[in-house]
Amino acid sequence: MNRRNLIKGAGLGLATGLFSMASKTEEAIASEYAKATKGLPRLKITNVKAILTAPQRIRLCVVKVETSEPGLYGLGCATFNQRPLPVAVAVDKYLNPFAKGRDADNIEDMWQNAYTSSYWRNGPVLNNALSGLDQALWDIKGKRANMPVYQLLGGKCRFAADCYTHCSGRDLKQLESSVRRAMKENFRHIRIQLGGYGSPHLSEKPHFKDAEFGLSSDSHMDPGPYVRATIKMFEHIRSACGEEVELLHDIHERIPPIQAINLVKELEKYHPFFIEDPFAPEDNGYFKLLRQQTSTPIAMGELFNNPHEWVGLVSERLIDFIRVHISQIGGLTVARKLAALCEWFNVRSAWHGPGDVSPVGHAANAHLDLAIPNFGIQESVRFSDKTKEVFPGYPTMKDGYMYVNEAPGLGVDIDENLAAKFPLPEHPGYWSPVRRSDGTAVRP
Ligand code: MG
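Residues numbered from 1 in each chain as written. Predicted model: local features only at pLDDT ≥ 70, side-chain atom pairs only at ≥ 80, totals over all residues. Heavy atoms only, no water.

J.: Tell me about the coordination of the magnesium ion, and please be specific about residues and values.
T.: At this site the magnesium ion is bound by Asp-250 (OD), Glu-276 (OE) and Glu-302 (OE), with donor distances of 2.0 to 2.2 Å. Motif for the magnesium ion, donor spacing along one chain: D-x25-E-x25-E. Residue Glu-276 is found in strand E8 (residues 274-276), and its partner Glu-302 is found in the loop between strand E9 (298-300) and helix H12 (307-315); the two are separated by 26 residues along the sequence. For Glu-302, a relative accessible area of 12% gives the class buried. (Donors = N, O, S within 2.8 Å, 3.2 Å for Na, K, Ca; no water. Helix = DSSP H or I, 4+ residues; strand = E, 2+ residues; numbered from the N terminus. Buried < 20%, exposed > 50% of the residue type's maximum accessible area, 1.4 Å probe, protein only.)

In structure tokens form, the structure reads like this:
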């Protein structure tokens, strides 16, 4: 009997013993368990490495943790599309020597000590590296227990994760047909945007380009045209597509806070499911003013890295959906605690789930979605055929729901040889500048 089956057998034996001999003392149970698992070597971490790949031209970073049990490894998501190389260095040059030789089983202990191993902490690069290690340890734990990770987290609260999809169009007609297509695919929650974030195509005069300020490739948007068009967009889609479909929208932080407050107030009558990121994280102080003005549900947090950014917003009941990017806050260990904090303040989850989360990260999102009582909604993603080949076991979509498979752990593997055939694009990757007409930088 191999070790995994032996442990499983020990667990079953223990459960049967508990059932049949209710009068057994705790000491007897502990001694029975110790006897059943006696002699098992501790599972050690032998290597931690970053794997960079871009099958969909998005810079994915996945961490592989190998162990002293031959063939037993775990995978975690450490994807930071705009700065992948520093994350890989943090994993290979710092977390690998830190973690090597330590117990793979003690996830919480590892998280606490790896978190402070840089002394300075809570930045996006190190949080992503930590997430890669952390999620990989949960994957290993699931494989050891012969259970999917959602079972380790307490089991299912729902059969699958209800998702929203993205619809956009340069004008109302295009957007409406995109929404109708999504409704035909049985999505009940749809995010609507007119063009790119802040509807840059509606802003007319990029005067900074005439003045040769910045680069001609820099984007342009102005708050006025965007705000006016967004109100008309909600009015149109509500009247064209009915009251039943749930509508979401992402302001993406691009307008001055007081204009965002006015916009969210105006949108209240169209009953949005949520309005996302009305303010940049630097403007968290505006949420109290927003709450006094409107009951429109608010989602916030995809740029958060630090607990100081979310604890106050949650505990003061200033947001309705927590929308962090799980690898940006340090992985599953911290995300499940954040979910538990949110539960007591009736804040629901809406984990960030765009293309720049690897299929391993999407699986981590979905396992947590299944297991928490205060799940709200999940952002869905479409993997390309190449991505699906590199990551067998990826989460799947049906009728607007996301499913994970029942394989032990996170359920997603990586074909490393194939991953190597999709190197990162030559462009280093950064968030392109967006400017107002006069050239002023817009904060995303
Ligand atoms: Mg967003």
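J.: Got a sec to walk through the sheet that holds strand E2 (residues 60-67)? Specific residues and values, please.
T.: An order of E1-E2-E3 is seen for the 3 strands of this open sheet, with the pairing classed as antiparallel. Looking at the sheet topology across the chains shown, the edges are occupied by strand E1 (45-53) and strand E3 (73-77). Sheet twist, expressed as the mean angle between neighbouring strand axes with direction ignored, is 20°. The pairing of E1 with E2 spans 8 bridges and is antiparallel. Across the sheet, the residue bridging to Ile-45 is Thr-67, located in E2. (Pairing = 2+ DSSP bridges. Axes fitted to C-alpha atoms, helices over the stretch in contact; angles between N-to-C directions.)

J.: How would you explain the pattern of salt bridges if you had to name every residue and give the values?
T.: Counted under the stated rule, the structure contains 22 salt bridges. The salt bridge involving Glu-416 is made with Lys-64; its shortest N-O contact spans 2.6 Å. One end of the pair, Glu-416, is in helix H16 (residues 416-419); the other, Lys-64, is in strand E2, and 352 residues separate them in sequence. Owing to a relative accessible area of 28%, Glu-416 belongs among the partly exposed residues under this scheme. Of the charged contacts, one joins Lys-269 and Glu-266 as a salt bridge, the two residues approaching to 3.3 Å between their closest N and O atoms. (Salt bridge = Lys/Arg side-chain N within 4 Å of Asp/Glu carboxyl O.)

J.: Outline the confidence of the model for the protein chain, listing residues and values.
T.: Put simply, the protein chain has an average pLDDT of 92, and 91% of its residues get 70 or more. Below a pLDDT of 50 lies the segment residues 1-22, which in the model reaches 23 contacts outside its immediate sequence neighbourhood of four places, other chains included. (pLDDT = per-residue confidence, 0-100. Contact = heavy atoms within 4.5 Å.)

J.: Describe in detail the side chain of His-325, supporting the description with residues and values.
T.: Considering the arrangement of structural elements, one finds His-325 in the loop between strand E10 (321-322) and helix H13 (332-343). A relative accessible area of 5% places His-325 in the buried class. Beyond its immediate chain neighbours, meaning those up to four positions away, His-325 contacts Thr-79, Gly-301, Glu-302, His-352, Asp-356 and Val-357.

J.: Break down the pairing of E2 for me, citing the residues and quoting the values.
T.: Burial analysis of E2 places 7 of its 8 residues in the buried class, the great majority of the element. Connecting the antiparallel pair E1 and E2 is a turn made up of 6 residues, with Arg-57 showing a positive phi of about 70°. Connecting E2 to the antiparallel partner E3 that follows it, the hairpin turn spans 5 residues, and Gly-71 within it adopts a positive phi of roughly 85°.

J.: Now, about the pairing of strand E5 (residues 189-194): what can you tell me, with residues and values included?
T.: Extensive coverage of E5 is indicated by the burial of 6 of its 6 residues. Here E5 shows a buried face lined by His-189, Arg-191 and Gln-193 and a second buried face lined by Ile-190, Ile-192 and Leu-194. As defined by bridge partners, strand E4 (residues 161-169) adjoins E5 across 6 bridges and the pair is classed as parallel. Note that in E5 the partner of Tyr-164 across the bridge is His-189. Remark: the E4/helix H7 (residues 172-184)/E5 crossover connection has right-handed handedness. Relative to strand E7 (residues 246-250), E5 is paired through 3 bridges, and the arrangement is parallel. Along E7, the bridge assignment pairs Arg-191 with Leu-248. (Right-handed = clockwise from strand over helix to strand, strands pointing away.)

J.: Before we move on, can you summarise unusual backbone geometry with the specific residues and values?
T.: Positive phi values are uncommon outside glycine, yet His-271 reaches one of about 50°. Within the secondary structure layout, His-271 lies in the loop between helix H10 (257-267) and E8. For His-271, a relative accessible area of 47% gives the class partly exposed. Positive phi, normally seen in glycine, also occurs at Arg-317, with a value near 55°.

J.: If you had to explain the packing of helix H5 (residues 124-145) against H13 to someone new, which residues and values would you point to?
T.: Packing of H5 against H13 brings their axes to within 8 Å, and their N-to-C directions diverge by 85°. With respect to H13, the element H5 is oriented roughly perpendicular. Across the interface between the two elements, Asp-134, Gln-135 and Trp-138 from H5 touch Leu-332, Thr-333 and Arg-336 from H13. Classifying every residue of the contact of H5 with H13 gives 2 nonpolar, 2 polar and 2 charged. (Parallel < 35°, antiparallel > 145°, perpendicular 65-115°, else oblique. Nonpolar A, V, L, I, M, F, W, Y, C, P; charged D, E, K, R; others polar.)

J.: An account of the packing of aromatic side chains is requested, with residue identities and associated values reported.
T.: Applying the stated criterion across every chain yields a total of 12 aromatic pairs. Between Phe-279 and Phe-287, the aromatic rings sit 4.9 Å apart at their centres with planes inclined by 75°, giving edge-to-face as the arrangement. Since its relative accessible area comes to 1%, Phe-279 is described here as buried. Ring centres of Phe-383 and Tyr-394 lie 5.9 Å apart, and the angle between their planes is 75°; this geometry places the pair in the edge-to-face category. With Phe-383 in the loop between strand E12 (378-379) and helix H15 (385-390) and Tyr-394 in the loop between H15 and strand E13 (396-398), the pair connects residues that are 11 residues apart, well separated along the chain. (Phe/Tyr/Trp six-rings, centres within 6.5 Å; stacked < 30°, edge-to-face > 60°.)

J.: I'd like to hear about H5, residue by residue, with values.
T.: Here H5 contains 22 residues, and its C-alpha end-to-end distance of 31 Å stays within 8% of the 32 Å for a straight helix at 1.5 Å per residue. For H5, the tally of buried residues reaches 17 of 22 residues, placing the bulk of the element in the interior. Asn-146 occupies a position one or two residues after H5 and carries a positive phi of about 60°. (Expected span 1.5 Å × (residues − 1).)

J.: Lay out the side chain of Asn-305 with the relevant residues and their values.
T.: With respect to the helices and strands, Asn-305 occurs in the loop between E9 and H12. For Asn-305, a relative accessible area of 13% puts it in the buried group. Only 3.3 Å separates the side chain of Asn-305 from the backbone oxygen of Leu-303, close enough to count as a polar contact. (Polar contact = N/O pair within 3.5 Å; in protein donor to acceptor, adjacent residues only side chain to side chain.)

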